There are 6 protein chains.
Amino acid sequence: MGASSGQTGGHSGGHGDGRAAGGRYEQFQAFRTRLNERILNQGKPEGQGGAATIVTKRFFALDDQTYRDTSGEGGLDKKTKELLGLAASMVLRCDDCIAYHVDQCVQAGCTDRQIWETFDVALIVGGSIVIPHLRRACEFLDECRTRGS
Amino acid sequence: MGASSGQTGGHSGGHGDGRAAGGRYEQFQAFRTRLNERILNQGKPEGQGGAATIVTKRFFALDDQTYRDTSGEGGLDKKTKELLGLAASMVLRCDDCIAYHVDQCVQAGCTDRQIWETFDVALIVGGSIVIPHLRRACEFLDECRTRGS
Amino acid sequence: MGASSGQTGGHSGGHGDGRAAGGRYEQFQAFRTRLNERILNQGKPEGQGGAATIVTKRFFALDDQTYRDTSGEGGLDKKTKELLGLAASMVLRCDDCIAYHVDQCVQAGCTDRQIWETFDVALIVGGSIVIPHLRRACEFLDECRTRGS
Amino acid sequence: MGASSGQTGGHSGGHGDGRAAGGRYEQFQAFRTRLNERILNQGKPEGQGGAATIVTKRFFALDDQTYRDTSGEGGLDKKTKELLGLAASMVLRCDDCIAYHVDQCVQAGCTDRQIWETFDVALIVGGSIVIPHLRRACEFLDECRTRGS
Amino acid sequence: MGASSGQTGGHSGGHGDGRAAGGRYEQFQAFRTRLNERILNQGKPEGQGGAATIVTKRFFALDDQTYRDTSGEGGLDKKTKELLGLAASMVLRCDDCIAYHVDQCVQAGCTDRQIWETFDVALIVGGSIVIPHLRRACEFLDECRTRGS
Amino acid sequence: MGASSGQTGGHSGGHGDGRAAGGRYEQFQAFRTRLNERILNQGKPEGQGGAATIVTKRFFALDDQTYRDTSGEGGLDKKTKELLGLAASMVLRCDDCIAYHVDQCVQAGCTDRQIWETFDVALIVGGSIVIPHLRRACEFLDECRTRGS
């Protein structure tokens, strides 16, 4: 669960990946799965052999919990939380986090219009330095839609 | 309109204001009004005497436009846009922007729960460096509620 | 314990406090205590009346855990962890976090030389934009030493 | 015009491109052209099919306007504005924005000495964290000069 | 010399100072002088009693050197270098650094128009998060002009 | 010496390199050596032909000096300074700087546990936006260990 939810499910699909349209999504999933397994490796002693400390593991779990739909108890729904994560990721300019949340927004049922208006807020708050990330986000969003994810 | 909407309506109520509970909200409004008038001063030549250039003025107008409710045409409603602005402001750690958006969220009808869950996303994405801003945001939110704004 | 450890124990002593030498340390403690009580208020329902959500509370606890001395089990000692927290806070330029970690470093027994060399790393990594924070950190360190804390 | 001016004309030539000397400049131009067309696509309804909202389009136009030579009316010339954009991009550490402004500086007639002194300001203000970006900027500048752009 | 040049000559005049128009400039000078003397204190052993290490002292000297007028040898003039320092300080959002460079720009003979166009570049590159700093910069610039500095 | 020590010894091994496990370390060394020679090229006039100005050269030397072991004179040892550099690089999210300091930590004799606890501090201070960098750091650390460096 933790491995596929929250920002911790992000990937290392690097800058420039956008140029290899069609392959970035798969790289995203493969690297995420492989490294999450390594970092959260339950079988190894803490802090050794690539296994994370208990602090890191708890942070991953907490990250996962943050984006849960709480609309049933008066909180925010999944769509809104993922848009919030996307806006925060864009102004902090992390391509991997942006890709992760774009994918989550698509899976949660956000429309292109809703995602683009979130891009707007990030662009205005964060300025033109956000633009290269917006380009890659645009291309990644297209790839998500094409895959029917 | 531009003077009371968007992040451009923010204020210079500085760090530490939280300690003078009861006064920060008024300082927020007074400084915002005074400086917006100076910066957007229509009567002076561009870039002189404290009057902004046309670029700055257009940016202020565009900032204003970004947070408009577009739910009627398939976009995001005012509440969601203000929560997005709040999340972006928190991870970028700007107290004035946070105060502005907290006030806008309250005026748009967001509940404490919705605002606190937005704090959650910002805290998890941005880390413990966000905490001092979360404290001031908490105190400012209380002040907004007390005023019945 | 959580209220006095980790970065969550930080304060809102604002920018410019350095000018009121002699009073910043007390403001630091008073604001920290008051706001931590409000945020972590156990008696109120989640996300209401200034009480944080479970996500925020867990993050505060995790932040506390991060700086514990683990030298007995092969990890880093308290001094080193606080110097790490100080370096990270300086390059991210958060005065409150810097003040908190300077105080913790002093309480953990770090010498001025060790603290200044940590300032060096932060200054070189972060550049001249760190200097105003270094000035306030210097003044706060002096105040901590004067108090015999 | 907007497609070839301002930071919006940036590209997605990613990190590490410097290693493939000789190809980065072309990738820069190709990706910029392709994504600008997609984002600013005039023929599609707002916020759908990869076409940006009116907010994004206006921001791109405003970005373009910011770097226009206004020396004839008492403002700054093109060279100075591009050096300002370069310094801002370097301290914010965005390789694409840096590459774009290096190219614009070269086209505006800035000398290597002027560009390197701008690197100096960015390095001192932003610290050693800027160095990896300075390396890639150095290599990109060489490529721009080699092409005789 | 180092005490009055470069960003190291900055001050700790804090956020919100803008509200106390008329006094910020003097606080700026007083705090700068006092803390520079403490940090660069030549009479104390390195890293003790508030005296900086040799690394910090060399960084201060290098910062000073960065903004020297080199137009006589084919480099950039003082005005341009200070505008570069101002743009970098604005996008990194450090009020003290902004105030320092605004003062240096005024002393170097920059016009309001030139300073405001530098604000433009910083605003467009850095986004609306820059606005609260722009407000304080505007007020500080007015104070510098009023003093005839 | 300067060319192989301090953060200036960093490289341009880009984002996503981690996916090409086995090759990143060599690219790291090759690019670092080539660009350092170009930037610090002693034979060319200042600011021309890719040779850095005296400011840049002095900064590189100062960066080198910052991480020297001063434990013999009451300062911090090499291990601690490299862990400080690593924590600062992680919260500022620069993959090249992180890779450089991970390598230096390994060469200085830091254990996996000590490095992972430094990752913890960076993750808690900097938040989930640090996670993609933590993944690449984890993979790079494994590669350093495998090489027996």
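Note: the structure precedes this text.
This one's a predicted model, so the numbers in the text were calculated from it and none came from an experiment. (Residues numbered from 1 in each chain as written. Chains lettered and ligands numbered in written order. Predicted model: local features only at pLDDT ≥ 70, side-chain atom pairs only at ≥ 80, totals over all residues.)

> Please clarify how the overall build of chain A should be interpreted in this entry.
A count of helices and strands for chain A gives 6 helices and 0 strands. The helix and strand sequence of chain A, counted from the amino end, reads α-α-α-α-α-α. When each of the 149 residues of chain A is scored for burial, the buried share is 63%. Sequence separation of 24 or more characterises 59% of the internal contacts of chain A that already satisfy a separation of 6 or more. (Helix = DSSP H or I, 4+ residues; strand = E, 2+ residues; numbered from the N terminus. Buried ≥ 20, exposed ≤ 12 C-beta atoms within 10 Å, placed from the backbone. Contact = placed C-beta atoms within 7 Å.)

> Sorry, what's going on with the relation of the copies chain A and chain B here?
Both copies of the chain are placed relative to one another by a rotation about an axis and a shift along it. Laying chain A over chain B is done by rotating through 180° and shifting 0.0 Å along the axis; what remains is an RMSD of 0.0 Å. These values place the two chain copies in the arrangement generated by a two-fold rotation axis. Most of the interface of chain A is mirrored in chain B, where 100% of its interface residues are also at the interface. (Least-squares fit on C-alpha atoms with pLDDT ≥ 70 in both.)

> So what exactly am I meant to see when it comes to the packing of helix H3 (residues 78-91) of chain C against helix H3 (residues 78-91) of chain F here?
The relative placement of two packed helices comes down to the angle between their axes together with the axis-to-axis distance. One can describe the packing of H3(C) onto H3(F) by two numbers: an axis separation of 8 Å at closest approach and a directional angle of 40°. Judged on the interaxial angle alone, H3(F) and H3(C) are oblique. In the crossing of H3(C) with H3(F), the sense of the turn from one axis to the other is right-handed. Along the contact surface, H3(C) presents C:Thr80, C:Leu83, C:Leu84, C:Ala87, C:Ala88 and C:Val91, while H3(F) presents F:Thr80, F:Leu83, F:Leu84, F:Ala87, F:Ala88 and F:Val91. Across the contact of H3(C) with H3(F), the residue classes tally to 10 nonpolar, 2 polar and no charged. (Axes fitted to C-alpha atoms, helices over the stretch in contact; angles between N-to-C directions. Parallel < 35°, antiparallel > 145°, perpendicular 65-115°, else oblique. Left-handed = near helix turned anticlockwise from the far one by under 90°. Nonpolar A, V, L, I, M, F, W, Y, C, P; charged D, E, K, R; others polar.)

> So what exactly am I meant to see when it comes to the interface of chain A and chain B here?
A common measure of how large an interface is: the accessible area buried when the components associate. Each partner contributes to the interface: chain A provides 28 residues, whereas chain B provides 28 residues. Its residues assigned to classes, the side of chain A that touches chain B shows 12 nonpolar, 11 polar and 5 charged.

> Whenever I open this one, the nonpolar core confuses me. Can you help?
Side chains of nonpolar character tend, in soluble globular proteins, to be buried together. Of all hydrophobic cores here, the largest spans 270 residues; its most connected members are A:Ala87, B:Ala87, C:Ala87, D:Ala87, E:Ala87 and F:Ala87. Not counting residues within four places of it along the chain, the set of residues in contact with A:Ala87 comprises A:Thr118, A:Val121, A:Ala122, B:Leu84, B:Ala87 and B:Ala88. (Core = buried A, V, L, I, M, F, W, Y, C linked by C-beta atoms within 7 Å.)

> I would appreciate a short explanation of the packing of helix H6 (residues 131-146) of chain A against helix H1 (residues 24-39) of chain D in the present structure.
Running from amino to carboxyl end, H6(A) crosses H1(D) at an angle of 70°, the nearest separation of the two axes being 10 Å. With respect to each other, H6(A) and H1(D) are oriented roughly perpendicular. Seen from H6(A), the contacting residues are A:Arg135, A:Cys138 and A:Glu139; seen from H1(D), they are D:Leu35, D:Arg38 and D:Ile39.

> I'm lost on the environment of D:Phe31 in this one. Help?
Residue and element names in this part refer to chain D. Here Phe31 shows up in helix H1. For Phe31, a count of 23 C-beta atoms within 10 Å corresponds to the buried category. Between the C-alpha atom of Phe31 and that of Glu143, which follows or precedes it by 112 residues, the distance is 17 Å.

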